[in-house]
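Chains, contacts and geometry: an overview
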Amino acid sequence: MKEPNVKDIKKYLQGMAKLPKAKYITAERLSRIIGIYPDVISDNLSYFDPMIKMDYEYNLLELVPSMKKYLEDKENKKNPLPKVEVVRKDEIDQYDSYFDFIYKRLTIGGMLDRSASLTDKELRIFKKLITEELNNRKNKK
């Protein structure tokens, strides 16, 4: 059974909140409020209780606590994406060419340092310098 969409669950909860005094809400009644077919509502909410598909008179208010818990879990699990350090033009302008980059970053006194390693940002700078060199060569032809 696939997990329901968070946006849909929020829409269902908002629709149920429009009837605050209702003690019994079926998929049919909720469909009239939010404008979605009752079968679609039943399919989405079958994640919480599979009997919804069979019982058309199932009270959806019984699922509200589990739906709210599901939304809280989903919001807590959002992992922030790691920020990618952007390479700025002034950082690229520090080097005349890709060869100058190699000389400044990967050599010690003119000798190649085999144990030197580049950070992700330095690799992006190097990549930009190489693409600039390739573009210059294409333009000369």
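The text that follows walks through the structure, step by step, so that each part is easy to find. (Residues numbered from 1 in each chain as written. Predicted model: local features only at pLDDT ≥ 70, side-chain atom pairs only at ≥ 80, totals over all residues. Heavy atoms only, no water.)

**Brief notes about the overall build of the protein**
Secondary structure summary: the protein contains 7 helices and 2 strands in total. For the C-alpha atoms alone, the extent of the protein along its principal axes is close to 80 × 35 × 25 Å. Looking at the protein residue by residue over its 141 residues, the buried ones come to 30%. Long-range pairs, those at least 24 residues apart, make up 57% of the contacts in the protein between residues at least 6 apart in sequence. When the accessible surface of the protein is split by element, carbon and sulfur atoms take 53% of a total near 11,000 Å². Each charge class in the protein was averaged separately, 29 positive and 23 negative side chains, and the resulting centres sit 3 Å apart. (Helix = DSSP H or I, 4+ residues; strand = E, 2+ residues; numbered from the N terminus. Buried < 20%, exposed > 50% of the residue type's maximum accessible area, 1.4 Å probe, protein only. Contact = heavy atoms within 4.5 Å. Areas by Shrake-Rupley, 256 points an atom, 1.4 Å probe, with all protein chains shown as cover. Lys, Arg positive; Asp, Glu negative; His and termini not counted. Charge placed at Lys NZ, Arg CZ, Asp CG, Glu CD.)

**Regarding helix α6 (residues 98–106)**
Those residues of α6 not exposed but buried are Asp 100, Phe 101 and Leu 106. In the core, the buried residues of α6 are packed alongside β1 (107–108), β2 (111–112) and α7 (120–140).

**As for helix α4 (residues 64–76)**
Taking 1.5 Å of rise per residue, 13 residues should cover 18 Å, and α4 covers 18 Å from first to last C-alpha, within 8% of that figure. Inspection of α4 places Val 64, Met 67, Tyr 70 and Leu 71 among the buried residues, and these make up the whole buried set. Seen end-on, α4 carries its buried residues on one side only, within an arc spanning 120°. Turned more than 90 degrees off the buried face of α4, the exposed positions are Pro 65, Lys 69 and Asn 76. Here the buried face of α4 lies against α1 (6–17) and α3 (38–45). (Expected span 1.5 Å × (residues − 1). Arc of directions from axis to C-beta.)

**Regarding the pattern of salt bridges**
Pairs can form between side chains of opposite charge whenever their charged atoms are close. All chains considered together, the criterion is met by 11 salt bridges. For Glu 3, the salt bridge goes to Lys 74, with nearest N and O atoms at 2.6 Å. With a gap of 71 residues between them, Glu 3 in the segment before α1 and Lys 74 in helix α4 connect regions that are remote in the sequence. The exposure class of Lys 74 is partly exposed, given its relative accessible area of 28%. A salt bridge links Arg 105 to Glu 122, with the shortest nitrogen-to-oxygen separation between them at 2.4 Å. In this pair, Arg 105 is assigned in helix α6 and Glu 122 in helix α7, connecting sequence segments 17 residues apart. Arg 105 gets classed as partly exposed once you look at its relative accessible area, which sits at 35%. Taking relative accessible area as the criterion, Glu 122 reaches 13% and is therefore assigned buried. One network of salt bridges, in which partners are shared, links Glu 85, Glu 91 and Lys 121. (Salt bridge = Lys/Arg side-chain N within 4 Å of Asp/Glu carboxyl O.)

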